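Survey of secondary and tertiary structure
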Amino acid sequence: MQLIQETADLSAYLAADEAIDHQHPVVRETAARLAADAADSYAYARLAYEFVRDTVPHSADTGDPRVTWRASDVLARRTGICHAKAHALAALLRAEDIPTALCYQRLRDDDGDGLVVHGLVAVRFHGAWHRQDPRGNKPGVDARFSLGGERLAWVPDTARGELDHPVLYAAPHPAVLDALRTAPDREALGSALPSTL
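Described below are features of the structure shown in this document.

What counts, and at which threshold
Residues numbered from 1 in each chain as written. Predicted model: local features only at pLDDT ≥ 70, side-chain atom pairs only at ≥ 80, totals over all residues. Heavy atoms only, no water. Helix = DSSP H or I, 4+ residues; strand = E, 2+ residues; numbered from the N terminus. Contact = heavy atoms within 4.5 Å. Areas by Shrake-Rupley, 256 points an atom, 1.4 Å probe, with all protein chains shown as cover. Lys, Arg positive; Asp, Glu negative; His and termini not counted. Charge placed at Lys NZ, Arg CZ, Asp CG, Glu CD. Phe/Tyr/Trp six-rings, centres within 6.5 Å; stacked < 30°, edge-to-face > 60°. Lys NZ or Arg CZ within 6 Å of the ring centre and 35° of its normal. Buried < 20%, exposed > 50% of the residue type's maximum accessible area, 1.4 Å probe, protein only. Pairing = 2+ DSSP bridges. Core = buried A, V, L, I, M, F, W, Y, C linked by side-chain atoms within 4.5 Å.

Within the protein one finds seven helices and six strands. Ordered by position from the N terminus, the helices and strands of the protein form the series β-α-α-α-α-α-β-β-β-β-β-α-α. Over its C-alpha atoms, taken along the principal directions, the protein stretches across nearly 45 × 35 × 30 Å. Of the contacts made within the protein by residues no fewer than 6 positions apart, 62% connect residues no fewer than 24 positions apart. Carbon and sulfur atoms make up 48% of the accessible area of the protein, which totals about 8900 Å². For the protein, the separation between the mean place of its 21 positive charges and that of its 28 negative charges on side chains is 2 Å.

The subject of this paragraph is the packing of aromatic side chains. This model, assessed by the stated rule, comprises five aromatic pairs. One aromatic cluster is present, formed by Tyr42, Tyr49, Phe125 and Phe145 through successive ring pairs. If you follow Arg181 out to its NZ or CZ, it ends over the ring of Trp69, 5.4 Å from the centre.

Following the sequence through the fold, Val167 ends up in strand β6 (residues 167-168). For Val167, a relative accessible area of 25% puts it in the partly exposed group. For Val167 and Ile4, which are 163 residues apart along the polypeptide, the C-alpha to C-alpha distance reads 4.7 Å. Excluding anything up to four places from it in sequence, Val167 contacts Ile4, Glu6, Leu102 and Cys103.

With respect to the element layout, His165 can be found in the loop between β5 (163-164) and β6. Those residues in contact with His165 that lie beyond four places of it in its chain are Met1, Tyr104, Gln105, Arg106, Thr196 and Leu197.

The buried fraction of strand β4 (residues 128-132) is high, at four of five residues. In this structure, strand β3 (residues 115-125) lies alongside β4, joined through five bridges in antiparallel fashion. Looking across to β4, one finds that Val121 is bridged to Gln132. Connecting β3 to the antiparallel partner β4 that follows it, the hairpin turn spans two residues, and His126 within it adopts a positive phi of roughly 55 degrees.

Let us look at unusual backbone geometry. It is generally the case that most residues other than glycine have a negative phi and that most peptide bonds are trans. In this structure, Arg78 takes a positive phi of about 55 degrees despite not being glycine. By the element assignment, Arg78 lies in the loop between α4 (71-77) and α5 (82-95). Phi at Asp97 is positive, roughly 60 degrees, even though this residue is not glycine. Within the secondary structure layout, Asp97 lies in the loop between α5 and β2 (100-108). The exposure class assigned to Asp97 is exposed, which follows from its relative accessible area of 62%.

Glancing now at the nonpolar core. Core analysis: the biggest nonpolar cluster contains 48 residues, and Tyr44, Leu92, Leu93, Leu102 and Leu189 have the highest contact counts within it. Counting residues per element, the ones that place at least two in this core are α1 (25-35), α2 (41-55), α4, α5, β2, β3 and α6 (174-182). Element by element, the count of residues in this core is highest for α5, at nine residues. Ignoring any residue separated from it by four or fewer positions in sequence, one finds Leu92 in contact with Val27, Thr30, Ala31, Leu34, Tyr44, Ala48, Phe51, Val52 and Leu75. Judged by nonpolar contacts, the second largest core, of 11 residues, contains Ala101, Cys103, Trp129 and Ala170.

Structural measurements only, silent on function.
Below is the structure:
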């Protein structure tokens, strides 16, 4: 699949906004701590990815009812669904001047009855975009940071109506952000998130 930039302006993929608030002290402090252990930007990107994947549990896995959406809140509260974790990773990467996009997949929900939009990121290295999924591993899910072939949580099954959205967004998709911002808890969020973009 060929990934398509929403805008040709790479600076848009470094910008801060309400959700990707990489100028917030919590994000800056976390980025500085991770950068201290990184030899270069690739090593930093891998460390930031592993930090979000492994130390911010996916709220559906833990049963946490809280809904987070702003990167600084995700990092401070250490909880979030895939979209929130993608915002946190994007903020950490942009804090260190690594162009990062938000991207999406349409997947079957956990029951297999409906479709849900799943959030991930793409990082730009060596003139190309590389998708990464910080969702968090669990039995049956083994996502890893990779620039040499995707190691995502899921590969869409087109026969079941699943697909990869090719657009690389500079900011969270408005439908996703609206659902995250307005849902009172994770249970309500499940029905508020879009099933397609």
